[in-house]
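The chain contents come next:
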Amino acid sequence: MLTRFVLITILFTAVLQAGCGAPEESRRKNGEGEHRALTVDREAAASSRAAAAKQEAYVEVPDIEIPFHRETLDNGLTVIVHEDRKAPVVAINIWYKVGSKDEKPGKTGFAHLFEHLMFNGSENYPGEYFEPFQRSGATDMNGTTNNDRTNYFETVPRGALDMALWMESDRMGHFQGAISQEKLDEQRGVVKNEKRQGENAPYGRAFEVIAESTFPPHHPYSWTTIGSMEDLDNASLEDVKQWFAEYYQPANAILVIAGDIGVEEAMAKARKYFGDIPSTSVPPRLESWELPVQPDKREVLTDQVPQTRIYKVWNVPGLDSEEENALDLMTSLLANRNNSLLYRRLVREEQVATSVSAYYFGRQLAGQLFIMVDVKPGQPVEKVERLLDEELRQFARDGVSVEELRRIKQSEFAGLVKGLEKIGGFGGKSDILARSEFYYGDPGALITGLEEYSRVSALEVQDVAERWLTPESYTLIIKPAEEYQAADEGADRSSLPSVDKTVELELPSQKEFTLDNGLRVVLAERHDTPAVFMNLQFRSGAAADGDKPGLASLAARMLSEGAGKYDSLAFSSRQEELGASVTAGSGLDYNSINFSALTTQLEPSLELLAEVVENPLFPEEDLARVKSNRIDAIGQEKAQPQGLALRELPPLLYGDGHPYGAPLTGSGTEAGIRAVTRDDLVDFHNTWLRPDNAVLTVVGDVKAEDLKARLNNALGGWKAPDTQLPEIPIPTVERPPEPRVFLLDRPGAQQSYILAGLVIPSWEPEGAEAFDAMSSVIAGKFTSRVNMNLREDKHWSYGARAVSLDTEGQRPYVLFAPVQTDKTAQAVTELLKEYTQFLGDKPVTEEELADYRDDEVLKQSARFQTKEQLLSSIAWQVEKGLPPEYIAEYPQRVSALTREDVKLAADKFLDPGQFTWVIVGDLDKIREDIEALDIGPVTVLPGES
């Protein structure tokens, strides 16, 4: 589900960023109108041609509305309210008009460093900022910083709204006194580890070099958001306090409250909690800057990467320019899709690249156009650059296919409709309103501007391709300073408001029926938006790979390479045309086909699904390309410490030849991928994808009787074969009698990547909640003991966590912690200490358990907000053979947990004395210290060949 959510978010963001400056008519008011009378006839003819061109590429905009109320408090705070009664949750989103562009050379990284500091508590709540939220059911909680702005957001149950507003307003108005040297040093260490972690990854320094090379010195975009190590070291306590005083004030902020709340109530709460916070003189806001001259420069760097990557960057106009929409659409025409121009030429036809992507990075002061190409190993870079340049020249010369442009718009609109269900988080409705207000001065701009986006013509896109290098003029606007006045009274700051822990969920009932071919179907009707989501899951997965690791995932990947009468490109085009999506995924025990469609296009979209289910093509030429790219991707995994460790750990836990011994990355092995033939894919498909081995789960805007008829019609030709369904035996394995340590050398690594694995029993309903509570407290969330130790207390890591996979057989429990190189051995000691104490004299506390119970119960308010969330839960429930009420009764089971339950779960599942450790790092620097720990035999692995 994560992949699908990310795709929706990307589509959503692309549409919105393409969005919506002032309408064309209003743009012409300043300076263009006076020229019209000079060439009336010529202008009329040109206008007629332009109108015709726009009409040819026009796509009807979906009926989308995000009603809002906008008001500015007396102290300057902009408040935007949107009412959405669909779920008992409220999203809060605060945007501060400050980003890295507001920094000065020599003092970079302040905006991002301050974002981290803001999670360290305030004057009236000095504890960890996450704590009250993590026992109140908060979801989608985070903070982000970019060049232009800093934002903080969370979605909370309705009963926790006062608490959340109190916390947000307390760190806006009552934070400066909470900034201490100790906290500054702590978060400076965290940020530096974040920077190390980014730079330690392949291509990790690319965007820092690009920023320095494409913008002149002292330009606000010539440094990255995270800043430099030297500047972070030099940041003083006084510098940080001054930053807060200047930028973190109501008059420099936008507050959005969206969800299960009315305007009057929301505004009253905004005044109560924020109205008494004073504003002073806000620093001048940079709103325009001369577009830099395009650099003509070529640089070559070396790094530990598996293949060459080409970045091409052009400086182009920023957001709210007339070119914005066309620039964004142009990137979709160039790359990011199977049908895109560069993908067709470089990846499919010439096969000189494994991937190609493009995007328009719009910002306030300037935009940039990025094209990135991963060169296929063995191919000359010069050849790829030549082909790339040829395609770009031809694109600008020959123009754009109107039909293709229409398909892109339709596909993006479909993604937008499907993503509109969330009110909070990245891309949610609160984010849209805040983004619109921040960049365009109108909360509705991104939605109302979709009409203009839909009318962009092929000629306009072609014209933009020829105007990339045109600089913009510099404009300075001076306005009278506004006076702000804070209210005399505000919220009570003596204590944190209590959280109303009442959660009332109304989940749609499940209806079950069987198709004529025997396929079991489970439907939950939800009619809030005109879309339908499906998950067709069938037993197979990596456990069915046999002697060809990667077969199941390769079979899933090849399902998108054409089916029935559609080859790969035609299939992609048909999806775009319908606004549908048919994708496939693979796990350890199951493969699945995920489907979504607009209700109005359900019948023809189901025809696509049927083609994939019954008639995948598995074309030889596409298989060769996909296999080659998969092998290159495995090379990418091996170049990353995390990917390398996740490839090496499974066979150490389960043994060679075990169905779960495949790499946890899901990509298989190079030998396995090379061995897969088309006949293998056909056999895999015929063996496992059959009605008697599958369940179809559906959530969406469709009635049961209508759905059954449509499915019987679409899938009527899909029958179960007469052959017996094979079994997939999952052997039981024993844990090692003592810890084992395996080392992988990565010379020059700035960090070590630590994994510790443990085989635990398979999932079962009895005790499942106790296991989850135990896992969360020790290492499963931000405030877990492990993460607070290594990240917040020691500042050795950007983050440490543990996860367990949900498998049919024994599950892998994996603890992971990237740490700075010189703290590798000490970090292992700390991890062992945390687990040993948790099992010994420091078991779960009542406070930890109470926080977990409250948080889990209250999170149910947002758990089923979207159709995809509900679909995921129901599909899991059906997979486990559980009754529908199991989901609804989850809060009661969690509320009944006791400390003894959690202690028993820890004793049953955990044993640090049986951990299998895999550590990737510079062995010249870490091996001796690790061996000195004497926690078990140490083996240096050669790494995968």
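Keep in mind that this is a model prediction, so the values were computed, not measured.

1. Digging into the overall build of the chain
Per the secondary structure count, the chain includes 36 helices and 23 strands. Computed over the C-alpha atoms, the radius of gyration of the chain is 28 Å, within 12% of the 30 Å expected from 2.2 N^0.38 for a compact globule of 945 residues. Counting over 945 residues, the chain shows a buried share of 59%. Pairs at least 24 residues apart make up 82% of the contacts formed inside the chain by residues separated by at least 6 positions. Working note: accessible area of the chain is about 38100 Å², and carbon and sulfur atoms make up 48% of it. Both charge centroids of the chain, one from 99 positive and one from 152 negative side chains, sit 2 Å from each other.

2. Describing helix H10 (residues 237-247)
Those residues of H10 that fall on the buried side of the exposure criterion are Asp239, Val240, Trp243, Phe244 and Tyr247. Along the axis of H10, the buried positions cluster into a sector of 135°, meaning they face one direction only.

3. Section: the side chain of Gln537
With respect to the helices, strands and loops of the structure, Gln537 is situated in strand E12 (residues 531-539). Relative accessible area serves as the criterion here: at 17%, Gln537 is assigned to the buried category. A polar contact of 3.1 Å, which involves the side chain of Gln537, links it to the side chain of Glu879. If near-sequence neighbours (up to four positions away) are discounted, Gln537 is found in contact with Tyr590, Asn591, Ser592, Asn693, Ala694, Val695 and Glu879.

4. A closer look at the packing of helix H12 (residues 324-334) against helix H15 (residues 402-419)
Close contact between H12 and H15 brings their axes to 10 Å; oriented N to C, the two are set at 105°. When the interaxial angle is binned, H12 and H15 end up roughly perpendicular. Two secondary-structure elements touch here, H12 through Leu329, Ser332 and Leu333 and H15 through Glu404, Leu405, Ile408, Lys409 and Glu412. Residue composition of the contact of H12 with H15, grouped by class: 4 nonpolar, 1 polar and 3 charged.

5. What about the packing of helix H22 (residues 602-614) against helix H27 (residues 704-714)?
Where H22 contacts H27, the axes come no closer than 9 Å and their chain directions differ by 45°. In terms of orientation, H22 and H27 fall into the oblique class. When the axes of H22 and H27 are compared, the crossing they make is right-handed. Contact residues: Leu602, Glu603, Leu606, Ala610 and Glu614 in H22; Arg710, Leu711, Asn713 and Ala714 in H27. Of the residues assigned to the contact of H22 with H27, the class counts are 5 nonpolar, 1 polar and 3 charged.

6. Structural notes on the pairing of strand E22 (residues 916-921)
If a strand is regular, its side chains alternate between the two faces of the sheet. Of all 6 residues that make up E22, 6 are buried, and the element is covered over most of its length. Bridge count for strand E18 (residues 740-745) against E22 is 6 bridges, and the pairing is parallel. Residue pairing in the sheet places Val741 in a bridge with Trp917 of E22. Two strands pair when backbone bridges link them, and strand E19 (residues 751-760) and E22 are joined in this way by 5 bridges, in the antiparallel orientation. If you follow Ile754 over to E22, its bridge partner there is Ile919.

7. Some words on the environment of Glu834
Locating Glu834 in the fold gives a position in helix H30 (residues 824-839). You can call Glu834 buried: its relative accessible area is 10%. Residues Glu834 and Asn789, spaced 45 residues apart in sequence, show a C-alpha to C-alpha distance of 8.6 Å. Discounting residues that sit within four places of it in the chain, Glu834 has contacts with Ile778, Arg785, Val786 and Asn789.

8. Brief notes about the confidence of the model for the chain
Per-residue confidence for the chain averages 86 on the pLDDT scale, and 92% of its residues sit at or above 70. Ignoring residues within four places in sequence, the model shows residues 1-49, a span with pLDDT below 50, making 70 contacts including any to other chains. Overall, residues 469-480 carries pLDDT values under 50, and its contacts beyond four positions in sequence, including any with other chains, amount to 12 contacts.

9. As for the sheet that holds strand E20 (residues 801-804)
With mixed pairing, the 6 strands of this open sheet are ordered in space as E20-E21-E19-E22-E18-E23. For this open sheet the edge positions go to E20 and strand E23 (938-940), each flanked by a neighbour on one side alone. Direction aside, neighbouring strands of the sheet carry axes that sit 20° apart on average.

10. Describing the environment of Glu466
Following the sequence through the fold, Glu466 ends up in helix H19 (residues 458-466). When the C-alpha atoms of Glu466 and Gly881 are compared, they prove to be 59 Å apart, with 415 residues separating the residues in sequence.

11. Brief notes about the nonpolar core
With 75 residues, the main nonpolar core has Leu519, Val521, Met534, Leu536, Ile593, Leu707 and Leu711 as its most contacted residues. Excluding anything up to four places from it in sequence, Met534 contacts Ile593, Asn594, Phe595, Leu602, Leu606, Leu609, Leu696, Thr697, Val698, Leu707, Leu711 and Leu871. One finds Ile310, Leu341, Tyr360 and Leu446 within the second-largest nonpolar core, a separate group that totals 65 residues.

12. Focus on the packing of aromatic side chains
For any two aromatic rings, the description comes down to two numbers: the centre-to-centre distance and the angle of the planes. Scanning the model with the defined rule gives 31 aromatic pairs in all. Both rings, one in Tyr96 and one in Tyr152, keep their centres 5.9 Å apart while their planes meet at 80°; by these two values the pair is edge-to-face. Here the residue Tyr96 occupies a position in strand E3 (residues 89-96), and Tyr152 occupies one in strand E5 (residues 150-157), the gap between them amounting to 56 residues. Its relative accessible area of 0% is what places Tyr96 among the buried residues. The interplanar angle of 75° and the centroid separation of 5.1 Å between the aromatic rings of Phe153 and Phe426 together place this pair among those described as edge-to-face.

13. What to know about the sheet that holds strand E10 (residues 510-514)
Spatially, 6 strands are ordered E10-E11-E17-E12-E16-E15 in an open sheet, and the strand pairing comes out mixed. Each of the sheet's edge strands pairs with one partner strand only, and the pair in question is E10 and strand E15 (581-586). For this sheet, the mean inter-axis angle between neighbouring strands, taken without regard to orientation, is 15°. Together, E12, E15 and strand E16 (590-598) form the strand contacts of H15, whose direction differs from that of E16 by roughly 100°.

14. Remarks on a negative patch on the surface
A contiguous patch of negative charge on the surface is contributed by Asp567, Glu620, Glu621, Asp679 and Asp683. Where the negative patch is concerned, the elements lending two or more residues are helix H23 (620-639) and helix H26 (678-688). Overall, Asp683 belongs to the partly exposed group, its relative accessible area being 49%.

15. Some remarks on the pattern of salt bridges
Under the defined criterion, the tally for this structure stands at 56 salt bridges. With its nearest N and O atoms 3.8 Å apart, the salt bridge here joins Lys703 to Glu525. Linking Lys703 in the loop between strand E17 (694-700) and H27 with Glu525 in strand E11 (residues 520-525), this pair joins segments that are 178 residues apart in sequence. Lys908 is paired through a salt bridge with Glu764; the nearest N and O atoms lie 3.4 Å apart. Linking Lys908 in helix H35 (residues 899-909) with Glu764 in the loop between E19 and helix H28 (768-780), this pair joins segments that are 144 residues apart in sequence. Classification of Lys908 by relative accessible area gives partly exposed; the value is 45%. Take Glu764: its relative accessible area is 40%, and that puts it in the partly exposed class. Several salt bridges share partner residues, and in doing so they unite Arg337, Arg344, Glu404, Arg407 and Glu576 into one network.

16. Focus on the side chain of Arg690
Along the chain, Arg690 turns up in the loop between H26 and E17. Beyond its immediate chain neighbours, meaning those up to four positions away, Arg690 contacts Trp718, Pro721, Thr723, Gln724 and Leu725.

17. Thoughts on unusual backbone geometry
Despite not being glycine, Asp320 has its phi angle at roughly 65°, a positive value. Here Asp320 falls in the partly exposed class, since its relative accessible area comes to 36%. Even without being glycine, Asp934 reaches a positive phi, approximately 55°. Mapped onto the elements of the fold, Asp934 is located in the loop between helix H36 (923-933) and E23.

Rules used in this analysis
- Residues numbered from 1 in each chain as written.
- Predicted model: local features only at pLDDT ≥ 70, side-chain atom pairs only at ≥ 80, totals over all residues.
- Heavy atoms only, no water.
- Helix = DSSP H or I, 4+ residues; strand = E, 2+ residues; numbered from the N terminus.
- Rg over C-alpha atoms; globule rule 2.2 N^0.38 Å.
- Buried < 20%, exposed > 50% of the residue type's maximum accessible area, 1.4 Å probe, protein only.
- Contact = heavy atoms within 4.5 Å.
- Areas by Shrake-Rupley, 256 points an atom, 1.4 Å probe, with all protein chains shown as cover.
- Lys, Arg positive; Asp, Glu negative; His and termini not counted.
- Charge placed at Lys NZ, Arg CZ, Asp CG, Glu CD.
- Arc of directions from axis to C-beta.
- Polar contact = N/O pair within 3.5 Å; in protein donor to acceptor, adjacent residues only side chain to side chain.
- Axes fitted to C-alpha atoms, helices over the stretch in contact; angles between N-to-C directions.
- Parallel < 35°, antiparallel > 145°, perpendicular 65-115°, else oblique.
- Nonpolar A, V, L, I, M, F, W, Y, C, P; charged D, E, K, R; others polar.
- Left-handed = near helix turned anticlockwise from the far one by under 90°.
- Pairing = 2+ DSSP bridges.
- pLDDT = per-residue confidence, 0-100.
- Core = buried A, V, L, I, M, F, W, Y, C linked by side-chain atoms within 4.5 Å.
- Phe/Tyr/Trp six-rings, centres within 6.5 Å; stacked < 30°, edge-to-face > 60°.
- Patch = residues over 30% accessible without salt bridge, like charges linked within 9 Å, V, L, I, M, F, W, Y side chains within 5 Å.
- Salt bridge = Lys/Arg side-chain N within 4 Å of Asp/Glu carboxyl O.

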